[in-house]
Amino acid sequence: FNHLISIRLIDGARAALVSHGAAEDDIELHWVPGAFEIPQAARWLAASGRFDAIVTLGSVIRGGTPHFEYVCRGVTDGVREIMREFDVPVAFGVLTTDDIDQALARAGGSDSNKGFEVALAAVEMARLGERIRFDSESTKKWFSTGMIRSSVPAARIPRRSATESSDAATGPRSTISRSSSTTST
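Residues numbered from 1 in each chain as written. Predicted model: local features only at pLDDT ≥ 70, side-chain atom pairs only at ≥ 80, totals over all residues. Heavy atoms only, no water.

Asks: What is the right way to look at the side chain of Asn 113 in this model?
Replies: Assignment of secondary structure puts Asn 113 in strand E5 (residues 112-113). For Asn 113, a relative accessible area of 15% puts it in the buried group. Only 2.8 Å separates the side chain of Asn 113 from the backbone oxygen of Arg 8, close enough to count as a polar contact. Setting aside residues up to four positions removed in sequence, Asn 113 forms contacts with Arg 8, Leu 9, Gly 12, Arg 106, Ala 107 and Gly 108. (Helix = DSSP H or I, 4+ residues; strand = E, 2+ residues; numbered from the N terminus. Buried < 20%, exposed > 50% of the residue type's maximum accessible area, 1.4 Å probe, protein only. Polar contact = N/O pair within 3.5 Å; in protein donor to acceptor, adjacent residues only side chain to side chain. Contact = heavy atoms within 4.5 Å.)

Structure, rendered in C-alpha coordinates:
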(Lines give C-alpha, C1' and ligand atoms only; values in the text may rest on other atoms or scores of the structure.)
Protein backbone atom coordinates (compact mmCIF):
# COMPACT_ATOMS: atom_id res chain seq x y z
CA PHE A 1 0.00 0.00 0.00
CA ASN A 2 2.90 2.41 0.50
CA HIS A 3 3.60 2.56 -3.20
CA LEU A 4 -0.01 3.50 -3.93
CA ILE A 5 0.02 6.25 -1.27
CA SER A 6 3.37 7.58 -2.43
CA ILE A 7 2.39 7.65 -6.10
CA ARG A 8 -0.80 9.53 -5.26
CA LEU A 9 1.14 12.10 -3.20
CA ILE A 10 3.73 12.49 -5.96
CA ASP A 11 1.03 12.91 -8.61
CA GLY A 12 -0.62 15.61 -6.50
CA ALA A 13 2.68 17.40 -5.90
CA ARG A 14 3.61 17.30 -9.58
CA ALA A 15 0.19 18.67 -10.54
CA ALA A 16 0.59 21.58 -8.10
CA LEU A 17 4.12 22.40 -9.24
CA VAL A 18 3.30 22.28 -12.94
CA SER A 19 0.06 24.23 -12.54
CA HIS A 20 2.00 26.95 -10.73
CA GLY A 21 4.73 27.35 -13.30
CA ALA A 22 7.34 24.63 -12.80
CA ALA A 23 8.50 22.88 -15.95
CA GLU A 24 8.16 19.09 -15.79
CA ASP A 25 11.87 18.78 -16.64
CA ASP A 26 12.78 20.91 -13.62
CA ILE A 27 11.13 18.54 -11.13
CA GLU A 28 13.44 15.91 -9.70
CA LEU A 29 12.19 12.86 -7.82
CA HIS A 30 14.48 11.18 -5.30
CA TRP A 31 13.55 7.91 -3.53
CA VAL A 32 14.70 6.93 -0.06
CA PRO A 33 14.36 3.55 1.74
CA GLY A 34 11.91 4.76 4.37
CA ALA A 35 10.37 7.82 5.97
CA PHE A 36 13.14 8.06 8.56
CA GLU A 37 15.67 8.70 5.78
CA ILE A 38 13.78 11.64 4.27
CA PRO A 39 15.59 14.31 6.32
CA GLN A 40 19.04 13.09 5.22
CA ALA A 41 18.09 13.18 1.53
CA ALA A 42 16.43 16.57 1.96
CA ARG A 43 19.57 17.90 3.69
CA TRP A 44 21.74 16.80 0.75
CA LEU A 45 19.33 18.44 -1.69
CA ALA A 46 19.17 21.67 0.32
CA ALA A 47 22.97 21.78 0.67
CA SER A 48 23.38 21.44 -3.10
CA GLY A 49 21.92 24.94 -3.56
CA ARG A 50 20.26 23.81 -6.81
CA PHE A 51 16.62 24.04 -5.75
CA ASP A 52 14.12 26.81 -5.03
CA ALA A 53 12.08 24.43 -2.87
CA ILE A 54 12.07 20.87 -1.58
CA VAL A 55 8.89 18.85 -1.08
CA THR A 56 9.14 15.87 1.28
CA LEU A 57 6.48 13.19 0.86
CA GLY A 58 5.89 9.86 2.54
CA SER A 59 3.70 8.09 5.04
CA VAL A 60 4.03 6.59 8.49
CA ILE A 61 1.14 4.41 9.65
CA ARG A 62 0.61 3.66 13.34
CA GLY A 63 1.12 0.13 14.52
CA GLY A 64 1.05 -1.56 17.89
CA THR A 65 4.46 -0.39 19.16
CA PRO A 66 6.07 2.97 20.04
CA HIS A 67 8.06 2.78 16.77
CA PHE A 68 5.47 5.04 15.10
CA GLU A 69 6.18 7.89 17.54
CA TYR A 70 9.97 7.54 17.13
CA VAL A 71 9.81 7.61 13.35
CA CYS A 72 7.32 10.50 13.26
CA ARG A 73 9.41 12.53 15.68
CA GLY A 74 12.63 11.80 13.80
CA VAL A 75 11.20 12.81 10.43
CA THR A 76 9.48 15.92 11.77
CA ASP A 77 12.50 17.10 13.75
CA GLY A 78 14.86 16.31 10.89
CA VAL A 79 12.90 18.29 8.32
CA ARG A 80 12.48 21.19 10.75
CA GLU A 81 16.25 21.34 11.29
CA ILE A 82 16.84 21.57 7.54
CA MET A 83 14.37 24.45 7.35
CA ARG A 84 16.34 26.26 10.04
CA GLU A 85 19.76 25.54 8.58
CA PHE A 86 19.28 26.21 4.87
CA ASP A 87 17.86 29.11 2.94
CA VAL A 88 15.45 26.98 0.92
CA PRO A 89 11.82 26.16 1.71
CA VAL A 90 11.30 22.54 2.75
CA ALA A 91 7.64 21.53 2.67
CA PHE A 92 6.57 18.71 4.99
CA GLY A 93 4.27 16.19 3.33
CA VAL A 94 4.84 13.08 5.40
CA LEU A 95 1.47 11.62 6.35
CA THR A 96 1.22 10.33 9.92
CA THR A 97 -1.94 8.29 10.18
CA ASP A 98 -3.58 5.72 12.39
CA ASP A 99 -4.45 3.39 9.52
CA ILE A 100 -4.24 2.83 5.78
CA ASP A 101 -7.72 4.27 5.20
CA GLN A 102 -6.66 7.64 6.63
CA ALA A 103 -3.53 7.60 4.48
CA LEU A 104 -5.51 6.86 1.32
CA ALA A 105 -8.04 9.58 2.18
CA ARG A 106 -5.22 12.16 2.48
CA ALA A 107 -3.48 10.96 -0.68
CA GLY A 108 -6.15 11.93 -3.17
CA GLY A 109 -9.19 10.45 -1.46
CA SER A 110 -11.95 12.15 0.48
CA ASP A 111 -9.56 14.53 2.29
CA SER A 112 -8.01 15.91 -0.94
CA ASN A 113 -4.37 15.34 -1.83
CA LYS A 114 -1.81 16.48 0.72
CA GLY A 115 0.92 16.15 -1.91
CA PHE A 116 -0.77 18.90 -3.91
CA GLU A 117 -1.26 21.08 -0.82
CA VAL A 118 2.33 20.67 0.39
CA ALA A 119 3.81 21.40 -3.05
CA LEU A 120 1.65 24.53 -3.26
CA ALA A 121 3.01 25.63 0.12
CA ALA A 122 6.56 25.09 -1.21
CA VAL A 123 5.85 27.28 -4.25
CA GLU A 124 4.31 29.99 -2.07
CA MET A 125 7.28 29.95 0.31
CA ALA A 126 9.82 30.07 -2.55
CA ARG A 127 8.05 33.09 -4.00
CA LEU A 128 7.75 34.76 -0.60
CA GLY A 129 11.45 34.22 0.03
CA GLU A 130 12.31 35.84 -3.29
CA ARG A 131 10.11 38.84 -2.52
CA ILE A 132 11.55 39.27 0.96
CA ARG A 133 15.16 38.97 -0.23
CA PHE A 134 14.51 41.32 -3.14
CA ASP A 135 12.68 43.84 -0.99
CA SER A 136 15.50 43.76 1.57
CA GLU A 137 18.15 44.32 -1.10
CA SER A 138 16.09 47.07 -2.74
CA THR A 139 15.39 48.77 0.57
CA LYS A 140 19.11 48.90 1.38
CA LYS A 141 19.86 50.35 -2.06
CA TRP A 142 17.12 52.95 -1.82
CA PHE A 143 17.98 53.92 1.75
CA SER A 144 21.61 54.41 0.76
CA THR A 145 20.53 56.98 -1.84
CA GLY A 146 18.03 58.64 0.48
CA MET A 147 14.91 57.33 -1.26
CA ILE A 148 12.23 55.06 0.18
CA ARG A 149 10.21 52.64 -1.94
CA SER A 150 6.99 51.04 -0.79
CA SER A 151 6.64 48.15 -3.24
CA VAL A 152 8.50 46.06 -5.79
CA PRO A 153 6.85 44.89 -9.02
CA ALA A 154 6.55 41.09 -9.19
CA ALA A 155 8.28 41.08 -12.58
CA ARG A 156 11.46 42.37 -10.95
CA ILE A 157 11.83 39.45 -8.56
CA PRO A 158 15.29 37.99 -9.25
CA ARG A 159 15.65 34.37 -10.35
CA ARG A 160 18.56 31.98 -9.95
CA SER A 161 20.67 31.21 -12.99
CA ALA A 162 19.20 29.04 -15.74
CA THR A 163 21.33 26.10 -14.60
CA GLU A 164 19.91 26.29 -11.10
CA SER A 165 16.28 27.00 -11.88
CA SER A 166 13.97 27.74 -14.69
CA ASP A 167 13.27 31.29 -15.76
CA ALA A 168 10.34 33.46 -14.71
CA ALA A 169 8.13 31.99 -17.43
CA THR A 170 8.38 28.45 -16.11
CA GLY A 171 8.63 29.04 -12.36
CA PRO A 172 10.79 27.56 -9.62
CA ARG A 173 12.87 24.42 -9.82
CA SER A 174 11.66 21.97 -7.21
CA THR A 175 12.40 18.51 -6.01
CA ILE A 176 10.20 15.86 -4.51
CA SER A 177 11.58 13.50 -1.88
CA ARG A 178 9.49 10.68 -0.54
CA SER A 179 9.95 7.39 1.18
CA SER A 180 9.74 4.14 -0.71
CA SER A 181 8.30 2.23 2.21
CA THR A 182 5.67 3.09 4.76
CA THR A 183 6.73 2.56 8.32
CA SER A 184 4.17 0.37 9.99
CA THR A 185 4.66 -1.31 13.31
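Asks: How should the pattern of salt bridges be read in this particular structure?
Replies: A side chain with one charge may pair with a side chain of the opposite charge, provided their charged atoms come close. Under the counting rule described, the total for this entry stands at 10 salt bridges. Between Glu 85 and Arg 43 there is a salt bridge; the shortest N-O distance is 2.3 Å. One end of the pair, Glu 85, is in helix H3 (residues 67-85); the other, Arg 43, is in helix H2 (residues 38-48), and 42 residues separate them in sequence. The salt bridge involving Asp 77 is made with Arg 80; its shortest N-O contact spans 3.0 Å. With Asp 77 and Arg 80 both in helix H3, this residue pair falls three residues apart, about one helical turn. On the basis of relative accessibility, which here comes to 33%, the residue Arg 80 falls in the partly exposed class. Taken together, the shared-partner salt bridges in this structure form one network comprising Asp 77, Arg 80, Glu 81 and Arg 84. (Salt bridge = Lys/Arg side-chain N within 4 Å of Asp/Glu carboxyl O.)

Asks: Is there a simple way to explain the pairing of strand E2 (residues 53-61) in this structure?
Replies: Residues in a regular strand project their side chains so that they alternate between the two faces of the sheet. The element E2 is extensively covered by neighbouring structure, given that nine of its nine residues are classed as buried. The two faces of E2 match: Ala 53, Val 55, Leu 57, Ser 59 and Ile 61 on one face and Ile 54, Thr 56, Gly 58 and Val 60 on the other face are all buried. The β-α-β motif built from E2, the intervening H3 and the parallel element strand E3 (residues 90-97) has right-handed crossover chirality. (Right-handed = clockwise from strand over helix to strand, strands pointing away.)

Asks: Is there a simple way to think about the side chain of Ser 59 in this case?
Replies: Relative to the elements of secondary structure, Ser 59 occurs in strand E2. Of the polar contacts made by the side chain of Ser 59, one reaches the side chain of Asn 2; its length is 3.4 Å.

Asks: What should I look at first to understand the environment of Gly 108 in this one?
Replies: Mapped onto the elements, Gly 108 comes out in strand E4 (residues 107-109). Since its relative accessible area comes to 47%, Gly 108 is described here as partly exposed. Here the alpha-carbon distance between Gly 108 and Arg 8, two residues 100 residues apart in the chain, equals 6.2 Å.

Asks: It is not clear to me how the environment of Asp 11 should be interpreted in this structure. Could you clarify?
Replies: When you line up the elements, Asp 11 lands in helix H1 (residues 2-19). With 102 residues separating them in the primary sequence, Asp 11 and Asn 113 have C-alpha atoms 9.0 Å apart.

Asks: I'm lost on the nonpolar core in this one. Help?
Replies: Across soluble globular proteins, nonpolar side chains show a tendency to be buried alongside one another. Counting 21 residues, the largest nonpolar core has Ile 5, Leu 9, Leu 17, Val 55, Leu 57, Leu 95 and Ala 119 as its most contacted members. Sorting elements by how many residues they give to this core places H1 first, with six residues. Ala 42, Phe 86, Val 90 and Val 94 belong to the second largest nonpolar core, which has 20 residues in total. (Core = buried A, V, L, I, M, F, W, Y, C linked by side-chain atoms within 4.5 Å.)

Asks: Sorry, what's going on with unusual backbone geometry here?
Replies: Peptide bonds are, in most cases, trans, and in most cases residues other than glycine have a negative phi. Positive phi, close to 70 degrees, is recorded for Ser 112, a residue that is not glycine. Residue placement: Ser 112 occurs in strand E5. What makes Ser 112 partly exposed here is its relative accessible area of 33%.

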